[in-house]
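Breakdown of the fold
Chain by chain, the residues:
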Amino acid sequence: MIEVIRNLHDLGELVDEWNLLPEARQSPLFRHEWFLSSAEAFYDEKNLRVIAMRENGRLRAVAPLVLVRRHGIGRLELLGASFLHEPSGLLYDSDDSLMELCRAISRMPHATVLQRLAGPSISTDQLSKQSQGRGKLLKLPATSAPYIELNSTWDDYLGTLSSRRRYDLRHARTKLERAGEVTVEFICPPDNELEGYLQDAIRIESSGWKGRAGSALMFNRPLLRFMRAYTQRAARLGILHLCYLKSNNEAIAMQIGIQFGERYWVLKIGYDEHWAHCSPGMQLTMEAVKYAFSKGFKTYEFLGADEAWLRIWTPLSHSSSTLLYYPYSMRGLSSLATDVLKYLGQRTVRVLSRTG
């Protein structure tokens, strides 16, 4: 049986069943808390279109979708994907469940965008089969997510970094130590003490270029709502982890992370730009990776975009792709036409800029 969830109350009721699905047991980004916090922070609940597939009363698969408007055209996309830009996807307990879920997606009247599907997902094959004769399916590459394998020792891993990088880290620590006592804190705060720690993290992040650009949490109200809601839920579960690099007991760099499934997941990192000459962000990353080794985690997951500075730490990354499905309906074809025109316009701009 297929059900489409269209309000926060019904979405909230799915928490226990949702978190039993395989993907939710492997990644915090697939758990109910992540998607419910996204629904609360970023959307009007009337636009929820979460597809739930049940068999014999048991939840077997979920497509966490929401209806959004792009250029005046409605389309379905994964909850939170356009705001958080993190790996996401569908949840299901078997190939048969995924088949039924993809069949339901293919019969929706709106175009559907599934952003940053993690790995070589079989969702592509199933959606392709179920959409034959019903619509057009496109697959595009998406940014990968770097990670570090923690299958050796900290000393062995440190030896894999370039001698120049190790020298830079030692030199930065020496400069920081000249300014005073250096300490590192790793905190798993209870939910009733979270706000004070979160305020410190928000202050630190907004002190640099993100603050000047207006992209810091302090200036992005929807993202701040999400972070408050999600970290509160993560704190209740005991998986939230806050890290601080301090000089003379003053926090100069912070990291918001999640410990889940024998992995360490980095949600947010920031530093006080006044201390930029000491590379506090890099120093705190080093300390957090070292901590992850000491706890016996399997991987250290950077998340976010595959940025150049992350390649300092690892050559490894999880691949991902984006699926765009346009049903042969008036709404679907309108979305396809709009996207084609947008693509052609962007390509024309690039060509003209290259030719001067």
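A brief structural summary. What you are looking at is a predicted structure, and each value in this text was computed from that prediction instead of being measured.

**Let's talk about the overall build of the protein**
Each helix and strand in the protein was counted, giving 14 helices and 14 strands. Computed over its C-alpha atoms, the radius of gyration of the protein comes to 22 Å, within 12% of the 21 Å expected for a compact globule of 356 residues. Across its three principal directions, the C-alpha atoms of the protein cover 70 × 60 × 40 Å. In the protein, 73% of the contacts between residues at least 6 apart in sequence involve partners at least 24 apart. Carbon and sulfur atoms make up 51% of the accessible area of the protein, which amounts to about 16,800 Å² in all. Charge centroids of the protein, computed over 45 positive and 39 negative side chains, lie 8 Å from each other.

**Side note on the packing of aromatic side chains**
Aromatic ring pairs are reported here in terms of the distance separating the ring centres and the angle at which the planes meet. Applying the stated rule across the entire model yields 16 aromatic pairs. Geometrically, the ring pair formed by W34 and Y230 is edge-to-face, given 5.1 Å between the ring centres and 80° between the ring planes. Taken as a pair, W34 in helix 4 (residues 32–42) and Y230 in helix 12 (residues 221–237) lie far apart in primary sequence, 196 residues in all. This pair shows no difference in class: W34 is buried, exactly as Y230 is. For the pair Y157 and F293, a centre-to-centre distance of 5.6 Å together with 35° between the ring planes defines the contact as tilted. Of this pair, Y157 sits in helix 8 (residues 154–160) while F293 sits in helix 13 (residues 280–294); the two residues are 136 residues apart in sequence, bridging distant segments of the chain. Both residues of the pair, Y157 and F293, count as buried. One aromatic cluster is present, built from ring pairs that chain together W34, F42, Y43, F83, F226 and Y230.

**Digging into the pattern of salt bridges**
Once their charged atoms are close, side chains differing in charge can pair, the charge on each being opposite to the other. Under the counting rule described, the total for this entry stands at 18 salt bridges. The salt bridge involving R233 is made with E40; its shortest N-O contact spans 2.9 Å. Of this pair, R233 sits in helix 12 while E40 is found in helix 4, placing the two residues 193 residues apart along the sequence. Classification of R233 by relative accessible area gives buried; the value is 18%. Residue class for E40 comes out partly exposed when judged on its relative accessible area of 35%. Put simply, E55, R58, R60 and D93 are held in one network by salt bridges that share partners.

**Regarding unusual backbone geometry**
Here R116, not a glycine, exhibits a phi torsion of approximately 50°, which is positive. We classify R116 as buried; its relative accessible area is 7%.

**Looking at the nonpolar core**
By size, the foremost hydrophobic cluster in this structure holds 51 residues, and its most contacted members are L11, W18, I256 and I258. Looking at this core, the element that brings in the most residues is helix 12, giving 7 residues. Aside from chain neighbours lying at most four places away, what touches I258 is P28, Y230, A234, I239, L240, R263, Y264, W265 and L267. Formed by 27 residues, the second largest nonpolar core is a distinct cluster that contains I148, L169, A288 and F297.

**Focus: helix 7 (residues 123–131)**
Restricting attention to buried positions, one finds in helix 7 the residues S123, T124, Q126, L127, Q130 and S131. Of the surrounding secondary structure, the elements contacted by the buried residues of helix 7 are strand 6 (91–92), helix 6 (95–106), strand 7 (111–118), strand 8 (135–149) and strand 14 (317–327).

**Examining the sheet that holds strand 2 (residues 50–55)**
Taken together, the 4 strands give an open sheet; going across it, the order is 1-2-3-6, and neighbouring strands pair in antiparallel fashion. Edge positions in the open sheet fall to strand 1 (2–5) and strand 6, since each of these has one partner strand only. Pairing analysis gives 5 bridges linking strand 2 to strand 3 (residues 58–63), with the strands arranged antiparallel. Its bridge partner being in strand 3, I51 is matched across the sheet by A63. Sitting on the sheet, helix 6 is in contact with strand 1, strand 2, strand 3 and strand 6, with an inclination near 50° to strand 3.

**Side note on the packing of helix 4 against helix 12**
Here helix 4 crosses helix 12 at 150°, and the two axes come no closer than 8 Å. Considered as vectors, helix 4 and helix 12 are oriented roughly antiparallel to each other. Crossing of helix 4 over helix 12 shows right-handed handedness. Between helix 4 and helix 12, the residues in contact are E33, W34, L36, S37, S38, E40, A41 and F42 and P222, L223, R225, F226, A229, Y230, R233 and L237, respectively. Each residue belonging to the contact of helix 4 with helix 12 can be placed in one class, and the counts come to 10 nonpolar, 2 polar and 4 charged.

How each quantity is defined
- Residues numbered from 1 in each chain as written.
- Predicted model: local features only at pLDDT ≥ 70, side-chain atom pairs only at ≥ 80, totals over all residues.
- Heavy atoms only, no water.
- Helix = DSSP H or I, 4+ residues; strand = E, 2+ residues; numbered from the N terminus.
- Rg over C-alpha atoms; globule rule 2.2 N^0.38 Å.
- Contact = heavy atoms within 4.5 Å.
- Areas by Shrake-Rupley, 256 points an atom, 1.4 Å probe, with all protein chains shown as cover.
- Lys, Arg positive; Asp, Glu negative; His and termini not counted.
- Charge placed at Lys NZ, Arg CZ, Asp CG, Glu CD.
- Phe/Tyr/Trp six-rings, centres within 6.5 Å; stacked < 30°, edge-to-face > 60°.
- Buried < 20%, exposed > 50% of the residue type's maximum accessible area, 1.4 Å probe, protein only.
- Salt bridge = Lys/Arg side-chain N within 4 Å of Asp/Glu carboxyl O.
- Core = buried A, V, L, I, M, F, W, Y, C linked by side-chain atoms within 4.5 Å.
- Pairing = 2+ DSSP bridges.
- Axes fitted to C-alpha atoms, helices over the stretch in contact; angles between N-to-C directions.
- Parallel < 35°, antiparallel > 145°, perpendicular 65-115°, else oblique.
- Left-handed = near helix turned anticlockwise from the far one by under 90°.
- Nonpolar A, V, L, I, M, F, W, Y, C, P; charged D, E, K, R; others polar.

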